[in-house]
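If you want the building blocks of each chain, they are given just below.
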Amino acid sequence: PQWEKQIRASGRIRRSNGLSVLVTGAAGFVGSHVSLALRKRGDGVVGIDNFNDYYATSLKYARQDLLNSHDVFIVDGDINDSRLLKKLFEVVAFTHVMHLAAQAGVRYAMENPHSYVHSNVAGLVSLLEQCKLANPQPAVVWASSSSVYGLNEKTPFSEADRTDQPASLYAATKKAGEAITHTYNHIYGLSITGLRFFTVYGPWGRPDMAYFSFTKDIISARPITIYRGKDRVDLARDFTYIDDIVKGCVASLDTSGKSTGSGGKKRGAAPYRIFNLGNTSPVTVPTLVSILEKNLKIKAKKNVVSMPGNGDVPFTHANISLARNKLGYNPTTDLPTGLKKFVKWYLSYYGDDRGKFINQ
Ligand code: NAD
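About the criteria used
All residue numbers here refer to positions counted from 1 along the written sequence of the relevant chain. Whole-chain, interface and lining totals are the exception, using all residues; otherwise, since this is a predicted model, local features are given only for residues with pLDDT of at least 70 and side-chain atom pairs are given and counted only at 80 or more. We call a residue near a molecule or strand if the C-beta atom, set from the backbone, is within 6 Å of it. Helix and strand assignments follow DSSP, with helices taken as H or I runs no shorter than four residues and strands as E runs no shorter than two, numbered in order from the N terminus. Think of it as three bins: nonpolar holds Ala, Val, Leu, Ile, Met, Phe, Trp, Tyr, Cys and Pro, charged holds Asp, Glu, Lys and Arg, and polar takes everything else, Gly as well. What marks off one domain from the next here is an automatic or database domain assignment. Residue pairs are scored as contacts if the distance between their C-beta atoms, which are placed from the backbone, is within 7 Å. UniProt positions are given in the numbering used here, feature names are shortened, and annotations may be inferred rather than shown by experiment. Core membership is restricted to buried Ala, Val, Leu, Ile, Met, Phe, Trp, Tyr and Cys residues, and these are joined into a nonpolar core through C-beta atoms within 7 Å. Once C-beta atoms are placed from the backbone, each residue is buried if 20 or more other C-beta atoms lie within 10 Å of its own, exposed if 12 or fewer, and partly exposed for counts between those two.

### So, the site of the ligand
Taken together, the neighbourhood of the ligand is formed by 28 residues, with Gly25, Gly28, Phe29, Ala102 and Ala143 sitting nearest. Listing elements by their share of the shell around the ligand, those giving two or more residues are helix H2 (29–40), strand S2 (44–49), helix H5 (113–133) and strand S5 (139–145). Here the shell around the ligand is built from residues that sort into 13 nonpolar, 11 polar and 4 charged.

### With respect to the domain arrangement of the protein chain
A common way to express how large an interface is: the accessible area buried when the components associate. According to the domain assignment, the protein chain contains domain 1 (2–198 + 242–277) and domain 2 (210–236 + 280–315 + 333–356). Between domain 1 and domain 2, the C-alpha centre-to-centre distance is 28 Å. Opposite the 14 residues of domain 1 that make contact, domain 2 presents 7 residues. By residue class, the composition of the side of domain 1 that touches domain 2 is 7 nonpolar, 4 polar and 3 charged.

### What about the UniProt feature "domain: NAD-dependent epimerase/dehydratase" (unreviewed entry) in the protein chain?
The feature "domain: NAD-dependent epimerase/dehydratase" (unreviewed entry), as annotated in UniProt, sits at residues 21–255 in this numbering. The straight-line gap between the two end C-alpha atoms of residues 21–255 is 14 Å; of that span, 42% is helix and 18% is strand.

### With respect to the nonpolar core
The biggest cluster of nonpolar side chains holds 100 residues, and the ones touching the most others in it are Val21, Met98 and Cys249. For this core, the element with the most residues is helix H8 (residues 242–254), which contributes 7 residues. Counting the residues that make up this core, at least three belong to each of domain 1 (2–198 + 242–277) and domain 2 (210–236 + 280–315 + 333–356). Filtering out sequence-adjacent residues up to four positions away, Met98 remains in contact with Val21, Val23, Val34, Val141, Cys249 and Leu253.

What follows is the structure, encoded as C-alpha cells:
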C-alpha cells in the first residue's frame, strides 16, 4: 500500500532514538497534539485515523497537514481493519500504542449507538488483538473518560470510586474499555494505562464541545443554550487544558513499563494502571460563558433550560493525587488562560469577522 512506501521512505521510525509510537485518532483533537509533542522531542510517530464525519472533516485534514509538516504520517484507516493493523505492526516495531481513536460525545449516542460500539468496543478489541500478537508487545496507553464516574455524587472523583452508574452509552463503552483492557493485561501480559480525561479544551479542539460551539454562536450572534441541573443548579466541569493533558499522556508513555506477554499472575507482571487527568478546579457553565464573552468582547444571547437528561452529568471534579505521585502530572493552566489561547486560535483559524456583531 501507498502508506507503507511513505513510512519506509521517510525513515520516520528508523531515525528515531526514542519511542516508536502508534497514535490512533491522530487526526483528532488530543491525538494531533500528542503526536506533535512526541515528534518534537524526537520520538517516532505513525498515526491512524478513519477521518469520520462526526464533526467537520476539514478540521481533521487541517490537523493532518500540520502533522505532515512535522514529519508525522497518518494512515487513513479504521482500527477495526485487522489486516491493515497487522500490516502496520509488521512494517513498524512499535514500542508503544497511544490509543485515542474513539466515538466521542455523549448526546450523539442517543441517535447513533452503534458508532460507539464499533469504535470504542469492537475497535478497541481489534487493536488489542494486534498488540497481543506483536513481538515484542507494545505498552498501551489509552483514553478512558471522567464520564465513567457517571451519576456518582461523591466528589472529587478518585480512581477507586464507584463507576457502576454510567449516564450515557458513551460512558458505558469507556467503562467496558476499562474491563476489556484489564483482561488483556492479566491474560496476555499487556502493559495498560487508562487515562480518565476530564473535559479537555484548547486550540484545534472539538467543534461539538460546548466551549467551541458557544464561541461560534456568540460570534455569529446566535443564541446559546445553557443547561441547568436539578433545583436550578448550574452544571460545572473540571475543564483541563490540552497542554496539561498532553504532558500527562507523554508521562504515561514514559512510565508505562514493559508488556511481559506472560500474564499478570507471574512475577514482574505487566502493569495495569488507571489515572485521572483533570485540573482539580471545576468551573460552572455560566462562568465559562462569561470568560468567553470577555475574550470575544461580545455579549451572548442566552437560553437557560433544564437539562434534558440526554447523557450529561451535573458535575465533574478530579482528584489527581495519584497522577501527581506516579506521573509527576501537574496541570498549570487555569480556564481563563486556556480559553484566551483557544479564542486566539479560533479567530486566526476561522477568520475574525466579529466586527459585524460587536455592537449588537
Ligand atoms: P476526536 O473525535 O477529536 O478524536 C478521535 C479521532 O479518532 C477522530 O479524528 C476520529 O476520526 C478517529 N476515529 C474514531 N473512530 C475511529 C476508528 N474506528 N478508527 C480510526 N479512527 C477513528 O476526540 P478527542 O477529543 O481528541 O478525544 C480523544 C480520546 O479522548 C477519545 O478516546 C475520547 O473518548 C477521549 N476523551 C476526550 C475528552 C475530551 O474532553 N476531549 C474527554 C474524555 C475522554
